[in-house]
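Next come the chains, spelled out residue by residue.
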Amino acid sequence: MGLIDKTTGNQKLDTGNQIALRLGLRYVRGLREEGAQALVRERTRAPFASIHDLTRRVPELRKDELTTLAEIGALNSVSSFQFPVSRKLDTRASSFWKPETGNQKLQLHRRDALWQVERAVRGSGPLLENLPEPDLPSPLQPMNHEERLVADFHGTGLTVGPHPMAYRRDWLNAMGIRRASELREIPSGKRLRIGGCVITRQRPGTAKGFVFLSLEDETGVANAIITPDLFHRNRLLLASERFLAIEGILQNQDNVISVKAERVLPLFVTKAETVSHDFH
């Protein structure tokens, strides 16, 4: 995620041969409108040369706001610093800068950006404050995928990277948990397991105590039907766990697909604080 400079909505951008997603600043938790508007105004006037340049030109941004922007990856591509390199750096992290040869533009990772924020907010004094200070890599290791997920959900409530389930797919396959996208091809009446992040819990007043869950994985959404008795026996699990596995019978009625649950299991996928829309 590069520096996000829109104040509303998401925007798909055509960046040559790649499609990028630019996430609106309103998604950044704790970022005040005053700071967001000042950031957009200054970036429209001229690109930021470094994180130091950003903090100097946008004094409206507090340290905690800059820290959040760094944690969610919004400052990774701020730097315009170019310098020669003669060898490839292998960091085994897709979010880190991997130059080959020649002049390369610096690509920070999130901990680099956090390091630069800490340096920039300290101030250099009146004699040095206006001198350009380029960003350089820090001695810190890049975040792993779990740390990035935790930071994304803490800072924005979502992630634009891979779905949490995608990181655990081999383990989920070993447990026999089907992808949501596979269910349409499976015969009705087959016993199976589904799993995912709980995004909706519904208990309509007209449903005689039945509960309906929607579980999201990296391929789509699977729906589960929980009987009143099963819900009563697993109430805490069903009402509080963020990720669940459901074992039961597949029902496909007029292309409306759901699993009538016989057993529910917790899934440990990530510590990220995902949320669901619950209507009990």
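Residues numbered from 1 in each chain as written. Predicted model: local features only at pLDDT ≥ 70, side-chain atom pairs only at ≥ 80, totals over all residues. Heavy atoms only, no water.

**Considerations on the nonpolar core**
In this structure, Leu183, Ile194, Leu213, Ile226 and Ile246 are the most contacted members of the largest nonpolar core, which totals 23 residues. Of all the secondary structure elements, the ones that give two or more residues to this core are strand S6 (191-202), strand S7 (211-217), strand S8 (220-226), helix H8 (228-233), helix H9 (235-240), strand S9 (243-253) and strand S10 (256-266). In terms of residues, this core owes the most to one element, S10, which gives four residues. Those residues within four positions of Leu183 in sequence are excluded, and the remaining contacts are Arg178, Leu192, Ile194, Ala222, Leu250 and Ile257. (Core = buried A, V, L, I, M, F, W, Y, C linked by side-chain atoms within 4.5 Å. Buried < 20%, exposed > 50% of the residue type's maximum accessible area, 1.4 Å probe, protein only. Helix = DSSP H or I, 4+ residues; strand = E, 2+ residues; numbered from the N terminus. Contact = heavy atoms within 4.5 Å.)

**Some points on unusual backbone geometry**
Residues apart from glycine generally show negative phi values, whereas peptide bonds are mostly found in trans. A positive phi angle, near 55°, is found at Asp254, a position not held by glycine. Mapped onto the elements of the fold, Asp254 is located in the loop between S9 and S10.

**Examining the confidence of the model for the protein**
Put simply, the protein has an average pLDDT of 84, and 79% of its residues get 70 or more. Considering only residues more than four positions removed or in separate chains, one finds that residues 1-14, a stretch of pLDDT under 50, has 55 contacts. For the stretch residues 82-102, pLDDT sits under 50, and the model shows 41 contacts to residues farther than four places along the chain or on other chains. (pLDDT = per-residue confidence, 0-100.)

**Quick word on the packing of aromatic side chains**
For any pair of aromatic rings, geometry is given as the distance between the ring centres together with the angle between the planes. For the structure shown, the criterion picks out zero aromatic pairs. Arg168 extends its terminal NZ or CZ atom over the ring of Trp171, reaching a point 4.3 Å from the ring centre. (Phe/Tyr/Trp six-rings, centres within 6.5 Å; stacked < 30°, edge-to-face > 60°. Lys NZ or Arg CZ within 6 Å of the ring centre and 35° of its normal.)

**Brief notes about helix H5 (residues 145-156)**
Owing to its 3.6 residues per turn, the α-helix aligns residues three or four sequence positions apart on the same side. Across its 12 residues, H5 extends 16 Å between first and last C-alpha, which sits within 8% of the 16 Å expected from 1.5 Å per residue. When we look at burial in H5, the residues that qualify are Arg148, Leu149, Ala151, Asp152, Phe153, Gly155 and Thr156. One or two residues past the end of H5 sits Gly157, with phi positive at roughly 85°. (Expected span 1.5 Å × (residues − 1).)

**Digging into helix H1 (residues 33-45)**
Across its 13 residues, H1 extends 18 Å between first and last C-alpha, which sits within 8% of the 18 Å expected from 1.5 Å per residue. Residues of H1 that are buried include every one of Gly35, Ala36, Ala38, Leu39, Val40 and Glu42, and no others. The secondary structure elements touched by the buried residues of H1 are helix H2 (51-57) and helix H3 (63-71).

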